[in-house]
Protein chains: 2
Amino acid sequence: MQMDPWSTRTIDYEKLFTDFGIDRIGKLDEILSGNPLFRRGIIFGHRDFYQWWNDFRNGKKVSILTGMMPSGPFHLGHKMVVDQLVFYQNLGIPITLAIADVEARTVRKKTPDEIREITVNYLTNYFALGLDPKKTDVYMQTSRSVPYYRLASLMAGKVTFAEMEAIYGTLSPGKIASALIQAADILHKQLDGYEGKHRILVPVGPDQDPHIRLARDLAERIGLIKPSSTYHIFMKGLDGQKMSSSKPNSYISLDEPIEDALRKVKNALTGGRISLEEQKKLGGEPDKCMIFSLYLYHFELSDEELDNRRRMCESGKLICGDCKKELLDRIEKWLVDIHAKKVKYRPIAEKMVDEMMDYPF
Amino acid sequence: MQMDPWSTRTIDYEKLFTDFGIDRIGKLDEILSGNPLFRRGIIFGHRDFYQWWNDFRNGKKVSILTGMMPSGPFHLGHKMVVDQLVFYQNLGIPITLAIADVEARTVRKKTPDEIREITVNYLTNYFALGLDPKKTDVYMQTSRSVPYYRLASLMAGKVTFAEMEAIYGTLSPGKIASALIQAADILHKQLDGYEGKHRILVPVGPDQDPHIRLARDLAERIGLIKPSSTYHIFMKGLDGQKMSSSKPNSYISLDEPIEDALRKVKNALTGGRISLEEQKKLGGEPDKCMIFSLYLYHFELSDEELDNRRRMCESGKLICGDCKKELLDRIEKWLVDIHAKKVKYRPIAEKMVDEMMDYPF
């Protein structure tokens, strides 16, 4: 059996291990191996994950922190984090969800209206994907609490300009404020008055590692426990290139009309050969196929079925048209369900955001 | 009559008018000319002061914001701001006093214990000098409110790195965080939920003008009224050089034993001549005399008496020993009174600080 999400990689993951000190995910116990993201190596790396997991398995207090940047449409790439949150929430682990509106406003220059709209939409999708709004501590960075802002302000004295520049590159006042507040997102639940010291896991894509590094450095300097993190592989776009919010044809959005999403899947890059004849002779190439990638990341939870599909493809027995047709059926059914859930959850998300959002300008 | 606090200047005040756009204080109405700091030109410059003052005279809402940096001993230099606050408070104008503990901790690296001690002591002195604790809105930057921090965070997106560098010189994360929170100090009372838009005056020494400039630029960009400011001349030190917290002999502290303060006054630089004979012939030089400066800034509220003292000195009739003796008597009497008041106000200041101070590290 081959499970190789690595073939869909678009960034140099090796460098994360050698240059940035991220560790490889190792042994999986019976709970973790029940999660396809772990089992298939899609969650590939971590910092101090096993300490966090052992604390959980030993009945100690642990929690999850995740951040959401209200920017762009919500697509399948975002779903990967939500799948993890739902997995942990179902284990009874408390989830905190920070909406990074300070960065959205100060760095990405989104207007309040844009932020409201995108945040409502993201939250709606999170809930439609299974995150329980009642069990999730959702907040916007601009509406948290005095101890949280106090933490962010005081941490400004615990890091030098050169250190922040080394982590983030060129700085601006907005980037510095955002980075410090993100460190407060990750660390504030360890404060007295919140939960007190405990291990916090932040499941992210590798592009978010700078925030993890800053928060870990700061935690050490202010007497808190360094947060743990895991890293998941980014899906490639439907065109086999980098998935990007600026290229609508590279992703399936949960917001677009279902027929648009299906059309994109129909046009996705496959691992098929030039002709049907050649394909029957040489077999297909699933590791180059975005359809296979969609099964791998999202739409085939059974390893046996996935492995069978790979073998059938590689042997030339499964032709692209049939493989794609089956995926289209699954996606259509799934999107119909998601869209129905979104109708249900949108008012809840709207109420949540309206209660939090309060911009002076 | 000559009132020339300019002779005691240690910085290039002219440049403030020509290069930085500070305006000269002009006409004084009957209320302002009742205040020796205005009347003697010690408060020498301003930005939009008259708009603020006219709003006050016309019965519109106005307020005062002042900041206190808990750093070093409390001396007569600090008294000049307090004298202004008391003047305005007696006119019924609301005073807000921000304790700049974010800068104290992140930039000046003061410990929580140092900050507690210094803040209690400063507040005690403010109250002993006549500021009414019941009528003053005192807060520490680390313990304010969500709308205040929200304002500071969002303003990070309204100023560029280059602009902050032009105002403050070399930056650090601590300096950027402190500068933004100081802008929030100056502006937050204009928020809905506080007092709403109104003119705020910030009476400062010219060294604080960078904060005023940043706050004024930001106010314009976020739809608030630009804050007004006044600037007072710094007293020289007792040695005729710059008064500095790092040179205890350059200042009279309200915290030190009275005999130490009096000894320093005895040793202060005077405008006396080499010999008594020469002094009787040429007269003294009050504009070079730190004793005269103490009368001018603090211990002679009557212009007639001050002018008389100048004439007596310049004509050689008043010799330094007598002039100094009279000042020593006044200072001693005054310090005895202040020390007694400090005993009364210290528990009030302690309670205030203990209720506000809450550092996670």
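Notes on the structure in this doc start here. Values in this document were obtained by computation on a predicted structure and should not be read as measured data.

1. Things to note about the overall build of chain A
Scanning chain A from terminus to terminus reveals 15 helices and seven strands. Since a compact globule built from 361 residues should have a radius of gyration of about 21 Å, the 21 Å found for chain A is in line with a globular shape. Considering only C-alpha atoms, chain A reaches an extent of 65 × 40 × 40 Å along its principal axes. Residue burial in chain A is summarised as follows: out of 361 residues, 58% are buried. Accessible surface for chain A amounts to roughly 14,900 Å². Of this, 50% is attributable to carbon and sulfur atoms. Of the side-chain charges in chain A, 52 are positive and 50 negative, and the distance between the mean point of each set is 1 Å.

2. Details of the sheet that holds strand β5 (residues 136–140) of chain B
Residues and elements named next belong to chain B. Reading across from one edge, β1-β2-β7-β6-β3-β4-β5 is the order of the seven strands in this open sheet, with mixed pairing throughout. For this open sheet the edge positions go to β1 (23–24) and β5, each flanked by a neighbour on one side alone. Two elements, strand β6 (residues 199–204) and strand β7 (residues 228–232), share four bridges in a ladder whose sense is parallel. Bridge pairing links Pro203 to Thr230 in β7. Contacts from helix α3 (residues 49–57) reach β2 (43–47), β3 (62–68), β6 and β7 within the one sheet, and its direction differs from that of β6 by about 125 degrees. Running over the sheet, helix α10 (residues 209–221) touches β2, β6 and β7 and is turned about 20 degrees from β2.

3. A look at helix α11 (residues 258–266) of chain B
Residues and elements named next belong to chain B. Taken together, the buried positions of α11 are occupied by Ile258, Ala261, Leu262, Lys264 and Val265. Buried residues of α11, viewed axially, fall in a sector of 155 degrees; they line one side. Seen from the open side of α11, the exposed residues pointing more than 90 degrees away from its buried face are Glu259 and Lys266. On the buried face of α11, the contacting elements are α13 (290–299) and α15 (320–356).

4. Points about the nonpolar core
Counting residues in hydrophobic clusters, the biggest one holds 246 residues, and the most contacted among them are Tyr88 of chain A together with Tyr88 of chain B. Apart from the residues lying within four places of it in its own chain, the contact partners of Tyr88 of chain B are Phe38, Phe49, Trp52, Trp53, Ile64, Ile93, Ile95 and Leu201 of chain B.

5. Description of the pattern of salt bridges
It is possible for side chains of opposite charge to pair when their charged atoms get near one another. Throughout the structure, instances matching the rule amount to 68 salt bridges over all chains. Its salt-bridge partner being Asp137 of chain A, residue Lys189 of chain A comes within 2.7 Å of it at the nearest N-O pair. Taken as a pair, Lys189 of chain A in the loop between α9 (173–187) and β6 (199–204) and Asp137 of chain A in strand β5 (residues 136–140) lie far apart in primary sequence, 52 residues in all. A residue is classified by how much of its surface remains accessible, and Asp137 of chain A, at 24% relative accessible area, is partly exposed. We note a salt bridge from Arg57 of chain B to Glu30 of chain B, for which the minimum N-O separation is 3.1 Å. One end of the pair, Arg57 of chain B, is in helix α3; the other, Glu30 of chain B, is in the loop between β1 and α2 (36–39), with 27 residues separating them in the sequence. We classify Glu30 of chain B as exposed; its relative accessible area is 56%. Among the charged side chains, a salt-bridge network with shared partners connects Glu300, Arg309, Glu326 and Arg330 of chain A.

6. Some words on the relation of the copies chain A and chain B
Overlaying chain A on chain B yields an RMSD of 0.0 Å, the required transformation being a rotation through 180 degrees with an accompanying axial translation of 0.0 Å. Such a combination of turn and shift is consistent with a two-fold rotation axis. Of the residues that chain A buries at the interface, 100% are likewise interface residues in chain B, meaning the two copies contact each other through the same surface.

Reading the values: rules and limits
- Residues numbered from 1 in each chain as written.
- Chains lettered and ligands numbered in written order.
- Predicted model: local features only at pLDDT ≥ 70, side-chain atom pairs only at ≥ 80, totals over all residues.
- Heavy atoms only, no water.
- Helix = DSSP H or I, 4+ residues; strand = E, 2+ residues; numbered from the N terminus.
- Rg over C-alpha atoms; globule rule 2.2 N^0.38 Å.
- Buried < 20%, exposed > 50% of the residue type's maximum accessible area, 1.4 Å probe, protein only.
- Areas by Shrake-Rupley, 256 points an atom, 1.4 Å probe, with all protein chains shown as cover.
- Lys, Arg positive; Asp, Glu negative; His and termini not counted.
- Charge placed at Lys NZ, Arg CZ, Asp CG, Glu CD.
- Pairing = 2+ DSSP bridges.
- Contact = heavy atoms within 4.5 Å.
- Axes fitted to C-alpha atoms, helices over the stretch in contact; angles between N-to-C directions.
- Arc of directions from axis to C-beta.
- Core = buried A, V, L, I, M, F, W, Y, C linked by side-chain atoms within 4.5 Å.
- Salt bridge = Lys/Arg side-chain N within 4 Å of Asp/Glu carboxyl O.
- Least-squares fit on C-alpha atoms with pLDDT ≥ 70 in both.

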